[in-house]
Amino acid sequence: MAREALLRRISFFADLDDDDKNVVLQLMGSERRFARGSEIIHAGQVLDSVLVVKSGWAIRYKSLEDGRRQVLNVLLPGDVFDLQVLVAAEADHSVSAVTELETLSVKPEDFRRLLTESGRLTLAIWWMQVQEEAFLREQIVRNGQQTARERIGHFLLELHRRLQIADEGAYDGFRMALTQPVLADALGLSPIHTNRTLRQLERDGLLKREKDSITFKDPDRLAEICQFDPSYFHLDAFRMRLSRE
């Protein structure tokens, strides 16, 4: 269920007691389903709820008038969007489902109640947002300074680590839900360049693609090539900070 996915996500940031866990598990909301490719939020839409991903993948993006699109980040099970409804009524971006998606829709007042029930929960959710900002900073550096080879390797390693946190990734890989055009929109590349680079990574023995799966054949070497340092996830720092509260 979506509440369990949220609890699993929050638990990476704090050692919650039973009372904290019950607050999350009793969060009021209604479950919603979205078909693959459907738009969940469009830029300019008046927002009325916070959504928690129960299962599936979605993308957050912004579009230009001529149809070009920049994918800002990927939303995975346990992720929360759009918290901006707590301070603003209108979306400044769009969100669409890249797989079948199940969410929990929570009214702003109910989510605010979650934030006031426990200081530990409040800090954990705040740290989740800090981590999302860290992902966005990596996205800026990745797309602004790295080569296509480095961008793709870095992004895939990031997705793998995020999916492991969500209990969705295997030890050596993961099921890849993003098409190459979506991957290209995330990394500022053309679909053709994206495909060529993925094939080169395979030829170099760094990864293997089978249907909708990615398997890392030499993750340490790939991490070195694309300068992937997972310290920007800040998981240890988050837990140390919260343990002192």
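Structural data are supplied above this passage.
This text gives an overview of the structure that appears in the document. Since the structure is predicted, the reported quantities are computational estimates derived from the model, not experimental observations. (Residues numbered from 1 in each chain as written. Predicted model: local features only at pLDDT ≥ 70, side-chain atom pairs only at ≥ 80, totals over all residues. Heavy atoms only, no water.)

### What to know about the overall build of the protein
Looking only at helices and strands, one finds nine helices and 11 strands in the protein. A globule of 245 residues ought to have a C-alpha radius of gyration of about 18 Å, and the protein, at 18 Å, matches this closely. For the C-alpha atoms alone, the extent of the protein along its principal axes is close to 50 × 45 × 30 Å. When each of the 245 residues of the protein is scored for burial, the buried share is 49%. For the protein, restricting intrachain contacts to residue pairs at least 6 apart in sequence, the fraction spanning at least 24 positions comes to 71%. Taking the average place of the 34 positive charges on the side chains of the protein and the average place of its 39 negative ones, the gap between the two points comes to 4 Å. (Helix = DSSP H or I, 4+ residues; strand = E, 2+ residues; numbered from the N terminus. Rg over C-alpha atoms; globule rule 2.2 N^0.38 Å. Buried < 20%, exposed > 50% of the residue type's maximum accessible area, 1.4 Å probe, protein only. Contact = heavy atoms within 4.5 Å. Lys, Arg positive; Asp, Glu negative; His and termini not counted. Charge placed at Lys NZ, Arg CZ, Asp CG, Glu CD.)

### Regarding the nonpolar core
Membership of the largest hydrophobic core comes to 37 residues, with the highest contact counts inside it found for L6, I10, I40, V80, F81 and F111. Elements with a minimum of two residues in this core: α1 (2-10), β2 (39-41), β3 (50-55), β6 (80-81), β7 (94-97), β8 (101-106), α3 (108-117) and α4 (119-145). In contact with F111, not counting residues within four places along its chain, are V50, V80, L83, L86, V106 and I125. One finds W57, I59, V182 and L189 within the second-largest nonpolar core, a separate group that totals 36 residues. (Core = buried A, V, L, I, M, F, W, Y, C linked by side-chain atoms within 4.5 Å.)

### Observations regarding the sheet that holds β8
In spatial order, the strands read β1-β8-β3-β6; together these four strands make up an open sheet with antiparallel pairing. The sheet is open, and its two borders are formed by β1 (30-34) and β6, each paired with just one other strand. For β3 and β6, the ladder comprises two bridges, and the chain directions are antiparallel. What sits directly across from V52, in β6, is V80. (Pairing = 2+ DSSP bridges.)

### Points about the pattern of salt bridges
A full pass over the atoms with the stated rule returns 15 salt bridges. Here K54 and E31 are joined by a salt bridge, their closest N and O atoms 3.3 Å apart. With a gap of 23 residues between them, K54 in strand β3 and E31 in strand β1 connect regions that are remote in the sequence. Taken together, the salt bridges that share partners define one network made up of E31, R33, K54 and E102. (Salt bridge = Lys/Arg side-chain N within 4 Å of Asp/Glu carboxyl O.)

### Description of the environment of E202
Take E202: it is sitting in helix α7 (residues 191-203). Expressed as a C-alpha distance, the spacing of E202 and D220, which sit 18 residues apart in the sequence, is 15 Å. Here R209 takes part through its side chain, which lies 2.9 Å from a polar atom of the side chain of E202. (Polar contact = N/O pair within 3.5 Å; in protein donor to acceptor, adjacent residues only side chain to side chain.)

### Description of the sheet that holds strand β5 (residues 69-75)
Read from one edge to the other, the open sheet built from four strands follows the order β2-β7-β4-β5, with strand pairing classed as antiparallel. Whereas interior strands pair on both sides, the edge strands pair on one side only; in this sheet they are β2 and β5. Here the average twist between neighbouring strands, direction ignored, is 35 degrees. As paired strands, strand β4 (residues 58-63) and β7 are joined by four bridges and run antiparallel to one another. Counterpart to I59 in the pairing with β7 is S96. Across the face of the sheet, α4 comes into contact with β4 and β5 while running at roughly 140 degrees to β5. Contacts between helix α6 (residues 180-187) and the sheet are confined to β4 and β5, with β5 contributing the most and set at about 105 degrees to the helix. (Axes fitted to C-alpha atoms, helices over the stretch in contact; angles between N-to-C directions.)

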